[in-house]
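Structural features, examined
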Amino acid sequence: MSNNNVCILGGGGFVGRHLAGLLATRGWRVTVPTRRRQRHKDLLVLPGTTVVEADIHDPAALARLFAGQDVVINLVGILHGSHKDFIRAHVKLPHKVTEACRATGVKRLLHMSALGADTTSRSFYQHSKGEGEALVLEPGRAHDLDVTVFRPSVIFGPGDSFLNLFADLLRLAPVLPLANARARFQPVHVADVARAFADAIDDPETYGQAYNLCGPRTYALAELVQLVAANLDLKRSIVPLGPRASWWFARLMELKPGAKLMTRDNHYAMQTDNVCPDGFPARFGTPLALEAGIDYLRGGQKDHYYGYRAAARR
Ligand SMILES: NC(=O)c1ccc[n+]([C@@H]2O[C@H](COP(=O)([O-])OP(=O)(O)OC[C@H]3O[C@@H](n4cnc5c(N)ncnc54)[C@H](OP(=O)(O)O)[C@@H]3O)[C@@H](O)[C@H]2O)c1
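Below you will find a few notes about this structure. Nothing here was measured: the structure is a model prediction, and the numbers come from that model.

Scoring rules and cut-offs
Residues numbered from 1 in each chain as written. Predicted model: local features only at pLDDT ≥ 70, side-chain atom pairs only at ≥ 80, totals over all residues. Near = placed C-beta within 6 Å. Helix = DSSP H or I, 4+ residues; strand = E, 2+ residues; numbered from the N terminus. Nonpolar A, V, L, I, M, F, W, Y, C, P; charged D, E, K, R; others polar. Core = buried A, V, L, I, M, F, W, Y, C linked by C-beta atoms within 7 Å. Buried ≥ 20, exposed ≤ 12 C-beta atoms within 10 Å, placed from the backbone. Contact = placed C-beta atoms within 7 Å. Pairing = 2+ DSSP bridges. Axes fitted to C-alpha atoms, helices over the stretch in contact; angles between N-to-C directions. Parallel < 35°, antiparallel > 145°, perpendicular 65-115°, else oblique.

Some thoughts on the site of the ligand
Around the ligand, 20 residues are found, and the nearest of them are Gly-10, Gly-12, Gly-13, Thr-34 and Gly-77. Looking at the shell around the ligand element by element, the count peaks at three residues for helix H1 (residues 14-25). Of the residues in the shell around the ligand, the class split is 13 nonpolar, six polar and one charged.

Structure representation (structure tokens):
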């Protein structure tokens, strides 16, 4: 690609920081819009990276952001919220993004969906992700726009909220009741996800495609939590909850004010295995094994900056 301007919506998040770091080291000029610039000032250590405050739900603001960009990457996603919140983030925003790409002449769009995205899912998260990816891949809409969609299983790595959450809980409690302990996942490292996005940008064979992204192995949730405990040298009892108790656990957690540990929507999503029978796409390299990549949990650090500092060699 001759020009190298990329706008990453959601670029200040966990995946976004790693991806911004990688793209900056590959010579891209990265623009990251955010609702609160103050929170992402650290991204400015990256060469050629700009962080701007913007309301990306406003079509006029999107058009201003996309003017002069060669590539747009949409990583925006939420795990908790009302049906309306999910539709706004996962369906209406992708719609506005494709419209703004068309209006500003952007020809390349990479879109983050999720493994299990499915318009028939009972989970609003999975349902809305399914609607969003169908919308961006729709041939009529995407005419003139080369779109690639990614669907990762749960993503781990420095700054993740999934394994770090269990690490925090295990440090606090000798006994951990675990909802949906048998739910299966195939965790993929954030560096592998970032590499897949970065490699796909100027690879025409990825245009119009959707890729599942998974690590090398599948695990039941209880195994993952045991692995985290072992990594932290903690001896803990994990008490698997049955289906009914799991639902009630999710319901209770939902009522808790503040950050949510789990909701019924997450519970519904976990009724379907989050695994890829075909594993990680060979064109994007070999994925890191979970066991080889969770040392970041040991320091108790939630270093959101690690990925791009490493990528930027700082
Ligand atoms: N992490 C995983 O295990 C995983 C697995 C599968 C798929 N995914 C998908 O991958 C994407 C990135 O995940 P992540 O873990 O990096 O998420 P994250 O850390 O929560 O970051 C999400 C980003 O989206 C932006 N955002 C969230 N809600 C928004 C809203 N209502 N309006 C505008 N911006 C909003 C935030 O931007 P500001 O706060 O800076 O404004 C934030 O930087 C999401 O689409 C997620 O669904 C993640």
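What follows continues from the structure just given.
Some thoughts on the nonpolar core
For soluble globular proteins, the rule of thumb is that nonpolar side chains tend to be buried together. Within the largest apolar cluster, 87 residues are counted, with the highest numbers of intra-cluster contacts made by Ile-8 and Phe-197. Considering every element that reaches this core, the biggest residue donor is helix H6 (residues 190-200), with eight residues. Not counting the four nearest positions on each side in its chain, Ile-8 is found in contact with Gly-16, Leu-19, Ala-20, Val-30, Val-32, Ile-73 and Leu-75.

Digging into the pairing of strand S5 (residues 108-112)
For S5, the buried fraction is high: five of the five residues fall into the buried class. Burial of the side chains of S5 extends over both faces: Arg-108, Leu-110 and Met-112 are buried on one face and Leu-109 and His-111 on the other. Where strand S4 (residues 71-74) meets S5, four bridges bridge the pair, whose relative direction is parallel. By the bridge assignment for S5, Val-71 is matched with Arg-108.

A look at the packing of helix H3 (residues 83-104) against helix H4 (residues 124-137)
A pair of packed helices is captured by two measures, namely the crossing angle of their axes and the spacing between those axes. Close contact between H3 and H4 brings their axes to 9 Å; oriented N to C, the two are set at 10°. If you check the angle between H3 and H4, you find them roughly parallel. Each of His-83, Phe-86, Ile-87, His-90, Val-91, Pro-94, His-95 and Thr-98 in H3 lies in contact with H4, whose residues at this interface are Phe-124, Tyr-125, Ser-128, Lys-129, Glu-131, Gly-132, Leu-135 and Val-136. When the residues that make up the contact of H3 with H4 are grouped by side-chain class, the tally is eight nonpolar, six polar and two charged.

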